[in-house]
Amino acid sequence: MAKILMVLTSHDQLGNTGAKTGFWLEEFAAPYYVFKDAGAEVTLASPKGGQPPLDPKSDDPGAQTDATRRFKADAAAQKALAHTERLADVQAVDFDAVFYPGGHGPLWDLAEDAHSIALIEATLNAGKPVAAVCHAPAVLRHPKGKDGQSVVKGKNVTGFTNTEEAAVGLTNVVPFLVEDMLQANGGHYAKLGDWQPYAITDGLLITGQNPASSEPAAHALLKKLG
């Protein structure tokens, strides 16, 4: 049975706008059920532990999917989400893979979190895959490989596009743009049209472009685990 760690944001403030953010429901729910339905053992963690903040926009009626509706009827999954482990208390050695759901929250906390950076480095150094979708490729901003270079350098990667960020009106609110950061770190950034499902696997890195890419990215991770 594969052991998969899902790491969610604990950050709930959308810059200084006064608006709330957090994790994106579809980007958690879809992969969670892909993993559970495949028989994987799923552990949830976040920097602060406990209930991660949900981006309220991802709870809008128009943002609902089969996976989010399933989650809302799943008391066990809701309980698991309400009691995430503290990121500082989990170790890469205990898992076969790590998956990061997005939402804008990770841009502020997980991208800069020392425990997250160490977790990613340890996972990749152990030859185990790391997946991140939408804004969550932000977590790849600082981790380095054994060669001291960015883990995305020379890798084919994707993530939330500059045009998608512009479409949601947050280009000047976010601390950095995912597309620009991946390119600045030497990643070979690729994308499809805005809001199209797109996931890339390159070695041990799996990245997805946007919310619609969360399920394909989860399937790609399972395929990598074989």
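Quick summary incoming for the structure in this document. The structure displayed is predicted, hence computed values, not measured ones.

**Focus on the overall build of the chain**
Next, step 1: Per the secondary structure count, the chain includes 8 helices and 9 strands.
Next, step 2: In the chain, which comprises 226 residues, the proportion classed as buried is 53%.
Next, step 3: At a minimum sequence separation of 6, the contacts of the chain that also span at least 24 residues come to 76%.
Next, step 4: Accessible surface, the chain: about 9300 Å² in total, of which carbon and sulfur atoms supply 50%.
Next, step 5: Averaged over its 19 positive side-chain charges, the chain has a centre that lies 4 Å from the centre of its 26 negative ones.

**Here we look at the nonpolar core**
Next, step 1: Within the largest apolar cluster, 34 residues are counted, with the highest numbers of intra-cluster contacts made by Leu5, Val7, Tyr100 and Leu119.
Next, step 2: Mapped by element, the contributors of at least two residues to this core are strand E1 (3-7), strand E4 (97-100), helix H5 (114-125), strand E5 (130-133) and helix H7 (178-184).
Next, step 3: Residues within four places of Leu5 in sequence aside, it is in contact with Thr43, Ala45, Val90, Phe95, Ala97, Val98, Phe99 and Leu119.
Next, step 4: Residues Ala67, Val133, Cys134 and Ala220 belong to the second largest nonpolar core, which totals 31 residues.

**Remarks on the pattern of salt bridges**
Next, step 1: A full pass over the atoms with the stated rule returns 8 salt bridges.
Next, step 2: For Arg69, the salt bridge goes to Asp66, with nearest N and O atoms at 3.1 Å. Taken as a pair, Arg69 and Asp66 lie in helix H2 (residues 66-72) at a separation of 3 residues, close to a single helical turn.
Next, step 3: For Asp66, a relative accessible area of 61% translates into the label exposed.
Next, step 4: Between Lys155 and Asp202 there is a salt bridge whose closest N-O contact spans 4.0 Å.

**Considering the sheet that holds strand E8 (residues 199-202)**
Next, step 1: One open sheet holds the 7 strands; their spatial order is E3-E2-E1-E4-E5-E9-E8, and the pairing between them is mixed. Every other strand in the sheet has two partners, leaving strand E3 (85-86) and E8 as the edge strands with one partner each.
Next, step 2: Across 2 bridges, the pairing between strand E2 (residues 41-46) and E3 is parallel. Each bridged residue has a counterpart across the sheet, and for Ala45 the counterpart in E3 is Glu85.

**Comments concerning the packing of aromatic side chains**
Next, step 1: What the rule picks out here adds up to 6 aromatic pairs.
Next, step 2: Put simply, the rings of Phe23, Phe28, Tyr32, Tyr33 and Phe71 pair up and form one aromatic cluster.
Next, step 3: Between Arg141 and the ring centre of Phe176, over which it is positioned, the NZ or CZ distance is 4.1 Å.

**Comments concerning the environment of Leu204**
Next, step 1: Relative to the helices and strands, Leu204 resides in the loop between E8 and strand E9 (205-208).
Next, step 2: For Leu204, a relative accessible area of 24% corresponds to the partly exposed category.
Next, step 3: Note: C-alpha distance between Leu204 and Ala220 (16 residues apart in sequence) is 11 Å.
Next, step 4: Leaving out residues up to four positions away in the same chain, Leu204 has contacts with Leu124, Gly127, Lys128, Pro129, Val130 and Lys224.

**A few points about the layout of surface pockets**
Next, step 1: Within this model, the largest pocket holds a volume of roughly 410 Å³.
Next, step 2: Lining the largest pocket are 23 residues, with Trp24, Lys57, Val168, Trp195 and Pro211 positioned closest to its centre.
Next, step 3: For the lining of the largest pocket, the per-class residue count stands at 12 nonpolar, 5 polar and 6 charged.
Next, step 4: Here the second largest pocket defines a volume of roughly 200 Å³.
Next, step 5: As for the second largest pocket, its lining consists of Leu124, Asn125, Gly145, Asp147, Gln149, Ser150, Val151, Lys153, Lys155, Leu204 and Leu205.

Calculation rules
- Residues numbered from 1 in each chain as written.
- Predicted model: local features only at pLDDT ≥ 70, side-chain atom pairs only at ≥ 80, totals over all residues.
- Heavy atoms only, no water.
- Helix = DSSP H or I, 4+ residues; strand = E, 2+ residues; numbered from the N terminus.
- Buried < 20%, exposed > 50% of the residue type's maximum accessible area, 1.4 Å probe, protein only.
- Contact = heavy atoms within 4.5 Å.
- Areas by Shrake-Rupley, 256 points an atom, 1.4 Å probe, with all protein chains shown as cover.
- Lys, Arg positive; Asp, Glu negative; His and termini not counted.
- Charge placed at Lys NZ, Arg CZ, Asp CG, Glu CD.
- Core = buried A, V, L, I, M, F, W, Y, C linked by side-chain atoms within 4.5 Å.
- Salt bridge = Lys/Arg side-chain N within 4 Å of Asp/Glu carboxyl O.
- Pairing = 2+ DSSP bridges.
- Phe/Tyr/Trp six-rings, centres within 6.5 Å; stacked < 30°, edge-to-face > 60°.
- Lys NZ or Arg CZ within 6 Å of the ring centre and 35° of its normal.
- 1 Å grid on protein atoms, 1.4 Å probe; cavity = no way out; pocket = protein on both sides within 12 Å on 5 of 7 lines; lining within 4 Å.
- Points joined across faces, edges and corners; volume = space filled by probe spheres on them.
- Nonpolar A, V, L, I, M, F, W, Y, C, P; charged D, E, K, R; others polar.

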